[in-house]
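# Notes for the structure review
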Amino acid sequence: MDLTKQIRPSNHSGIMELKDYGITLEPLNIESIETVRIWRNQTQVNQFMDYQKIISREEQLDWFKKIQNSNSAYYIIKKGNDQIGMIHLNQINNTTKSAEAGIFIGNNDFNGTGITLGASLLLLNHAFTTLELEIIYAKVKNSNSNAIKYNQLLGFTEDNPFNSEFTIWKIMNTTFFDIKPKLIQLLY
């Protein structure tokens, strides 16, 4: 049974809001990019990013404009009215049936609550069911042991080195659908 519920088209990008597991993935909009910028500039977030410089408001706005016409889907993770973090698919490629995913929590009150698991389940289910992708990649910093364990929990396996600091991980749609029932049980 597909638990992902597409609610409505949002903003001009046509990205659908996703909702289940008591959380919502709300398409990133102009009103929320400043919150994302503040989160992204936090040491506990940017230390694990490829781009670690402090992002200015102008740089954030330029980035937001750039992603509007790209093959990407960026979402704010919400629990009720609380904004928690961001999750995304980018480099969505319908020819190779692939995309790259990423997630971070900016609101520290929600660390360790299972929200990231629900958000990841929503995003991966959307990618593999609605978008009909076959493989999702994630670039993970080698020193981020929590992210490595988390990706392994989700069913990702190490694919290949990206550079000396990052490794590319991947998950196939078949692996996700095999592990999905066990992951759902972890939420309840």
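We now turn to the structure provided with this report.

The rules behind each value
Residues numbered from 1 in each chain as written. Predicted model: local features only at pLDDT ≥ 70, side-chain atom pairs only at ≥ 80, totals over all residues. Heavy atoms only, no water. Helix = DSSP H or I, 4+ residues; strand = E, 2+ residues; numbered from the N terminus. Expected span 1.5 Å × (residues − 1). Bend = angle between axes of the 7 residues up to and from the residue. Buried < 20%, exposed > 50% of the residue type's maximum accessible area, 1.4 Å probe, protein only. Salt bridge = Lys/Arg side-chain N within 4 Å of Asp/Glu carboxyl O.

## Some remarks on helix α6 (residues 173-187)
Look at α6: 20 Å from first C-alpha to last across 15 residues, which is about the 21 Å you get at 1.5 Å a residue. Along α6, the sharpest kink reaches roughly 45°, centred on Lys-180 and followed within four residues by the proline Pro-181. Regarding α6, the residues found buried are Asn-173, Phe-176, Ile-179, Lys-180, Leu-183 and Ile-184.

## A few points about unusual backbone geometry
Of note, the phi angle at Tyr-21 is positive, near 55°, even though the residue is not glycine. As for its position among the elements, Tyr-21 is in the loop between β2 (15-20) and β3 (23-27). At Lys-97, a position not held by glycine, the phi torsion is positive, near 55°. With respect to the helices and strands, Lys-97 occurs in the loop between β5 (82-93) and β6 (98-105).

## Observations regarding the pattern of salt bridges
One pass over the structure, following the stated rule, counts six salt bridges. Among the salt bridges present, the one from Lys-139 reaches Asp-50, with a minimum N-O distance of 2.9 Å. Residue Lys-139 is located in strand β7 (residues 135-141), and its partner Asp-50 is located in the loop between α2 (43-46) and α3 (57-67); the two are separated by 89 residues in the primary sequence. Classification of Lys-139 by relative accessible area gives partly exposed; the value is 27%. The class for Asp-50 is partly exposed, based on a relative accessible area of 42%. The salt bridge partner of Lys-141 is Glu-165, with a shortest N-O separation of 3.6 Å. Of this pair, Lys-141 sits in strand β7 while Glu-165 sits in the loop between β8 (157-161) and β9 (166-172), and the two are 24 residues apart along the sequence. The exposure class assigned to Glu-165 is partly exposed, which follows from its relative accessible area of 42%. Taken together, the shared-partner salt bridges in this structure form one network comprising Glu-34, Arg-37 and Arg-57.

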